[in-house]
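Letter by letter, the chains look like this.
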Amino acid sequence: VVTREDVEESLKGKWQYVKEKEQLLEDLRSQIEETGQRLSVKQSERDYWLEYKNVGSKTQANKIMNLEKDIREVKGDLRRATEYYRNALKAVKEENDRLVERHMKLSKEQAPENAVRYLDKSSCREIEENEWLKEEVKMYQKEVSDLKASIQLLEEENIDLVTKLIDSRYQNLRV
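Fair warning: this is a prediction, and the values are worked out from it, not measured in the lab.

Novice: Kindly report on the overall build of the chain, identifying the contributing residues and their values.
Specialist: Along the backbone of the chain there are 4 helices and 0 strands. The order of helices and strands in the chain, counted from the N terminus, is α-α-α-α. Over its C-alpha atoms the chain spans a radius of gyration of 28 Å, topping by over 25% the 16 Å that the globule rule assigns to 175 residues. In terms of overall dimensions, the chain has a C-alpha envelope of 100 × 20 × 15 Å along the principal axes.

Novice: Talk me through the packing of aromatic side chains; I want residue IDs and the actual numbers.
Specialist: Counted by the stated rule, this structure contains 1 aromatic pair. Plain terms: the ring middles of Tyr84 and Tyr85 are 5.5 Å apart, the flat faces sit at 65 degrees to each other, and that makes the pair edge-to-face. The exposure class of Tyr85 is buried, given its relative accessible area of 9%.

Novice: For the nonpolar core, give the residues involved together with the corresponding values.
Specialist: In terms of nonpolar packing, the biggest core is built from 7 residues, these being Leu25, Leu28, Ala81, Tyr85, Leu89, Val92 and Leu165. Elements represented by at least two residues in this core include exactly α1 (4-55) and α2 (61-116). Element by element, the count of residues in this core is highest for α2, at 4 residues. In contact with Leu25, not counting residues within four places along its chain, are Leu89 and Val92.

Novice: Account for the pattern of salt bridges, naming residues and giving values.
Specialist: Inspection of every chain in the model, using the stated rule, returns 7 salt bridges. Two residues, Glu8 and Arg4, come together in a salt bridge whose shortest N-O distance is 3.0 Å. One end of the pair, Glu8, and the other, Arg4, are both in helix α1, 4 residues apart, so they sit about a helical turn from each other. The class of Glu8 is partly exposed, set by a relative accessible area of 34%. Among the residues examined, Arg4 registers a relative accessible area of 62% and is labelled exposed.

Novice: Break down the side chain of His103 for me, with residues and values.
Specialist: Along the chain, His103 falls in helix α2. Those residues in contact with His103 that lie beyond four places of it in its chain are Val7, Ser10, Leu11 and Lys14.

Novice: Hey, could you go over the layout of surface pockets for me, with residue numbers and the actual values?
Specialist: In this structure, the second largest pocket spans a volume of roughly 290 Å³. Along the wall of the second largest pocket there are 17 residues; nearest its centre are Thr35, Arg38, Ser168, Arg169 and Asn172. Taken together, the elements giving at least two residues each to the lining of the second largest pocket come down to α1, α2 and α4 (131-174). Looking at the lining of the second largest pocket element by element, the count peaks at 6 residues for α1. Classifying every residue of the lining of the second largest pocket by side-chain character gives 8 nonpolar, 4 polar and 5 charged.

Novice: Would you mind going over α4 in detail, with residue names and values included?
Specialist: With 44 residues, α4 extends 65 Å from end C-alpha to end C-alpha; this agrees with the ideal 64 Å at 1.5 Å per step. When we look at burial in α4, the residues that qualify are Glu136, Tyr140, Glu143, Leu147, Ser150, Leu154, Leu161 and Leu165.

Novice: Summarise empty space enclosed by the protein; cite the residues concerned and give the values.
Specialist: On inspection of all chains with the given rule, the structure shows 2 cavities of 30 Å³ or more. Estimated volume of the largest cavity: approximately 40 Å³. Lining the largest cavity, in full, are Leu24, Leu28, Tyr84, Tyr85, Leu161, Val162 and Leu165. Those elements giving two or more residues to the lining of the largest cavity turn out to be α1, α2 and α4. It is α4 that contributes the most residues to the lining of the largest cavity, 3 residues altogether. Grouping the amino acids of the lining of the largest cavity by side-chain chemistry returns 7 nonpolar, no polar and no charged. Roughly 30 Å³ of volume is contained in the second largest cavity. Lining the second largest cavity, in full, are Lys14, Tyr17, Val18, Asn96, Leu99 and Val100. Contributing elements (two or more residues each) for the lining of the second largest cavity: α1 and α2. Residues of the lining of the second largest cavity, tallied by class, amount to 4 nonpolar, 1 polar and 1 charged.

Definitions and cut-offs
- Residues numbered from 1 in each chain as written.
- Predicted model: local features only at pLDDT ≥ 70, side-chain atom pairs only at ≥ 80, totals over all residues.
- Heavy atoms only, no water.
- Helix = DSSP H or I, 4+ residues; strand = E, 2+ residues; numbered from the N terminus.
- Rg over C-alpha atoms; globule rule 2.2 N^0.38 Å.
- Phe/Tyr/Trp six-rings, centres within 6.5 Å; stacked < 30°, edge-to-face > 60°.
- Buried < 20%, exposed > 50% of the residue type's maximum accessible area, 1.4 Å probe, protein only.
- Core = buried A, V, L, I, M, F, W, Y, C linked by side-chain atoms within 4.5 Å.
- Contact = heavy atoms within 4.5 Å.
- Salt bridge = Lys/Arg side-chain N within 4 Å of Asp/Glu carboxyl O.
- 1 Å grid on protein atoms, 1.4 Å probe; cavity = no way out; pocket = protein on both sides within 12 Å on 5 of 7 lines; lining within 4 Å.
- Points joined across faces, edges and corners; volume = space filled by probe spheres on them.
- Nonpolar A, V, L, I, M, F, W, Y, C, P; charged D, E, K, R; others polar.
- Expected span 1.5 Å × (residues − 1).

Written out as structure tokens, the structure is:
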């Protein structure tokens, strides 16, 4: 029998998890913004070198081409990172919504069990002997295992996201 405190504790855990995911997403957004700022710095640098080139400097032409290449790479990285983070955000939101919905459904299904506690002893005995309740318990156990599997997948996905983020930062540092 699951108590109200268990349900509340579980809900608090889920909400904490959602808040952590939202914080991660905010961090990712700030990183995208930083990359955009770096892009604008590189573009202004490119504009300066293009003006210098037009004045007649041939010695800096090679640097200008390298900077243009860097700008293209940064733009490509920004585009890929933006797309990746957009997809990651969408996937995390969908997963969070699905987990919250599943948890709410489980809570609604447990409400009749909580109501049974206030019945007299003979009614409780009849309900306990009912085979239907045994099948409900099996269903709840299956849902718990599903939630554990979902949590496992989310943890693996988080690890993948962090790894890709570190790789992307490493590539940006090399650039």
